[in-house]
Amino acid sequence: MSAAATPKPAESVPVGVALGVLAYGLFSIHDAAIKWLVADLPIWQVLFMRSFVIVTGCVLVGRSRLLARARATPLKRALALRGAITLAAWLCYYTASRSLPLGQLTSLYFAAPLIVTLMAAPLLGERVTRNRWASVMLGFVGVLVAANPRGMSASLPALLVLIAATLWGYGIVLLRQIARMESSLLQMFYVNGLFTVATGVGMALTWRTPPLASVALAGVTAVLGGLGQYTLFEAIRHAPASVMSTVEYTALLWAFALGFVIWGDVPVLGVWIGAALIAAAGCLLVLTERRRAGHSARVVELP
């Protein structure tokens, strides 16, 4: 992992999809660990410990080259903006999660992949094909079936979730833009550095001495979060944002699987149907992108 600017790699959709699935799996385990931690500690304190460990890890890996590139990069404003947008999205989401049922919360938040797909063409210049749109829409239908958001109504918490989804969607677009010029390690350093400063203020106001077990779990959470961020950033370097939109739906499958393994939550029929639709969306995406890549390669080889 080089701290210097890295050229945009040749796109490889299968690699990007595989890294994306792994990233959202790591994030799902990370979120489950945070759910345990916030039962005993303020969210500000948990996020500070996680971000501080990730920043420290980035410095240990990148060393002086990372710090030199952090000072020299012309994208300081974009990197800071993405960190602020991500933090605002998290605050909106966690605030809304206190008042909304899980089904409604999940369904509204998974509008983010649709928002990313809408932004991909005007902001990134991506050509969003009909097959990409079909896979995103099929995945979203799968989310609705699995989450079963009955009785959904307009409210301030619902608005906060939609704001969070919009911010997260724009954050993914920014990530794709920055990845064309800077390394994943530098992005992690900037985003988590901003998180460390912002959450440090909140932690100072809500400090609670953590037990040793919580400190150890916070360390595990930081490792999972750091690995998840790195694999996600690399995934977006390899695959277009409109492709990664469908991959994001796999987070729901990971969440249901962890709920069964850790808390014994047995999925109902709707969850299985929704999971099948999300899996079908992923298969559709991979097959059509591989066919498209093969066609492009044949065109290039023509004399």
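This section reports on the structure supplied with the text. This is a predicted model, so every value here is computed, not measured.

A short note on the overall build of the protein
Line of reasoning, step 1. On a plain count of helices and strands, the protein comes out with 12 helices and 0 strands.
Line of reasoning, step 2. What you see for the protein is a C-alpha radius of gyration of 19 Å, in line with the 19 Å of a compact globule of 303 residues.
Line of reasoning, step 3. Its C-alpha atoms give the protein principal-axis dimensions of about 70 × 50 × 35 Å.
Line of reasoning, step 4. Burial analysis of the protein (303 residues in total) assigns 50% to the buried set.
Line of reasoning, step 5. Split by element, the accessible area of the protein, about 14300 Å² in all, is 71% carbon and sulfur.
Line of reasoning, step 6. The protein carries 23 positive and 10 negative side-chain charges, and their two centres are separated by 5 Å.

Some words on a nonpolar patch on the surface
Line of reasoning, step 1. A contiguous nonpolar patch, built from Trp36, Phe260, Val261, Ile262 and Val266 and spanning about 530 Å² of accessible area, is present on the exposed surface.
Line of reasoning, step 2. Among the elements that line the nonpolar patch, the one with the most residues is helix H11 (residues 250-263), at 3 residues.
Line of reasoning, step 3. With respect to the helices and strands, the residue tryptophan 36 is situated in helix H1 (residues 13-37).

Digging into helix H6 (residues 130-147)
The α-helix advances 3.6 residues per turn, and as a result positions three or four apart in sequence lie on the same side.
Line of reasoning, step 1. The end-to-end C-alpha separation of H6 is 26 Å, in line with the 26 Å expected for 18 residues at 1.5 Å each.
Line of reasoning, step 2. All of the buried residues in H6 are Arg132, Ser135, Val136, Gly139, Phe140, Gly142, Val143, Ala146 and Ala147. One side of H6 carries all its buried residues, which in axial view fall inside an arc of 155 degrees.
Line of reasoning, step 3. Immediately beyond the C-terminal end of H6, within one or two residues, lies asparagine 148, with a positive phi of roughly 50 degrees.

What counts, and where the lines are drawn
- All residue numbers refer to positions counted from 1 along the written sequence of the respective chain.
- Only residues with pLDDT of at least 70 get local features here, since the model is predicted, and only at 80 or more are side-chain atom pairs given and counted; chain-wide, interface and lining totals rely on the full set of residues.
- To obtain the side-chain values, all non-hydrogen atoms of the structure were used and water was disregarded.
- The helix and strand labels rest on DSSP assignments: H or I over at least four residues marks a helix, E over at least two residues marks a strand, and numbering proceeds from the N terminus.
- Radius of gyration means the value over C-alpha atoms here, while the globule rule gives 2.2 Å times the residue count to the 0.38 power.
- Think of it in three bands: with a 1.4 Å probe and only protein chains considered, a residue is buried below 20% of the maximum accessible area for its type, exposed above 50%, and partly exposed in between.
- To measure how exposed things are, a 1.4 Å probe is used in the Shrake-Rupley method; for residues, cover is taken only from the protein chains shown.
- All tallies of charge rest on Lys and Arg as positive and Asp and Glu as negative; His and the ends of each chain are not included.
- Note on charges: their place is set at NZ of Lys, CZ of Arg, CG of Asp or CD of Glu.
- Grouping into patches uses exposed residues only, defined as over 30% relative accessible area, and leaves out salt-bridged ones; the cut-off is 9 Å for like charges and 5 Å for nonpolar side chains (Val, Leu, Ile, Met, Phe, Trp, Tyr).
- The salt bridge definition used is simple: a Lys or Arg side-chain nitrogen within 4 Å of an Asp or Glu carboxyl oxygen.
- Every helix has an expected span of 1.5 Å times one less than the residues it contains.
- It is the directions from the helix axis to the C-beta atoms that the arc portrays.

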